[in-house]
Amino acid sequence: MKIRVGQGYDVHRLEAGRPFWLGGIQIPCDFGPVGHSDADVVCHVLCDALLGAANMRNIGYHFSDKDPRWKGVDSKLLLAEVLRMVREAGYEISNVDVTVVLQEPKLNPHIPAMKTCLAGVMAIPEEDISIKATTSEHIGFVGRSEGIAAHCVALIFRQD
Ligand code: MG
């Protein structure tokens, strides 16, 4: 059995009046992340961790932010495509673990809905998806609510 680990990291700027997509769902908020796609950092770090684990470059390599096809795209579609690529290479997902770094709003009430949504997109059990949230104690760009960051590790395996 071949077991591989990958990690992902992503940052997006926050701006007033933007829809706040995170973990595949929309969070009620009067600001939100800015990006070429819907700027869902949880979907983006999941893509990068899974691609990294499979040694398949990164999200920007497959879905360029210069490509008009991905303008405003629902990042769940990108994540589903990454899962298709990773599975096509013979891998299955063991588990993923995401940490979102955001000063406000509080994310804990929304995490169950994110897990349910992502379990559907990724076709894995909710129990294999961990999503955690932390603040940055009012320090730095996250602490000033100028941006949102996320980290992810993913474990995948293949019978060789
Ligand atoms: Mg991103």
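Scroll up to find the structure this text is about.
The rules behind each value
Residues numbered from 1 in each chain as written. Predicted model: local features only at pLDDT ≥ 70, side-chain atom pairs only at ≥ 80, totals over all residues. Heavy atoms only, no water. 1 Å grid on protein atoms, 1.4 Å probe; cavity = no way out; pocket = protein on both sides within 12 Å on 5 of 7 lines; lining within 4 Å. Points joined across faces, edges and corners; volume = space filled by probe spheres on them. Helix = DSSP H or I, 4+ residues; strand = E, 2+ residues; numbered from the N terminus. Pairing = 2+ DSSP bridges. Axes fitted to C-alpha atoms, helices over the stretch in contact; angles between N-to-C directions. Contact = heavy atoms within 4.5 Å.

Trainee: I keep staring at the layout of surface pockets and nothing clicks. Help me out?
Mentor: Taken as a whole, the largest pocket spans an internal volume of roughly 250 Å³. Around the largest pocket sit 14 residues that line it, and His-36, Ser-37, His-44, Phe-63 and Asp-65 are the ones nearest its centre. At three residues, the largest contribution of residues to the lining of the largest pocket is made by strand E1 (residues 2-16).

Trainee: Would you mind showing me how to read the sheet that holds strand E7 (residues 147-158) here?
Mentor: Strand pairs in the sheet, formed through backbone hydrogen bonds, run parallel or antiparallel to each other. The five strands are arranged E4-E1-E7-E5-E6 in an open sheet whose pairing can be described as mixed. The strands lining the two open edges of the sheet, one partner per strand, are strand E4 (31-33) and strand E6 (129-134). Adjacent strand axes in the sheet meet at a mean angle of 20°, parallel and antiparallel pairs treated alike. Looking at chain direction, strand E5 (residues 92-101) and E6 are connected through six bridges and run parallel. Counted as the bridge partner of Val-98 is Ile-131 from E6.

Trainee: For this particular structure, what's the right way to read the environment of Leu-78?
Mentor: Here Leu-78 shows up in helix H3 (residues 75-88). It is 10.0 Å that separates the C-alpha atoms of Leu-78 and Val-121, two residues lying 43 residues apart in sequence. In this structure, Leu-78 is in contact with Cys-47, Ile-59, Phe-63, Trp-70 and Val-73, ignoring residues within four places of it in sequence.

These results come straight from atomic positions and should not be treated as a statement about function.
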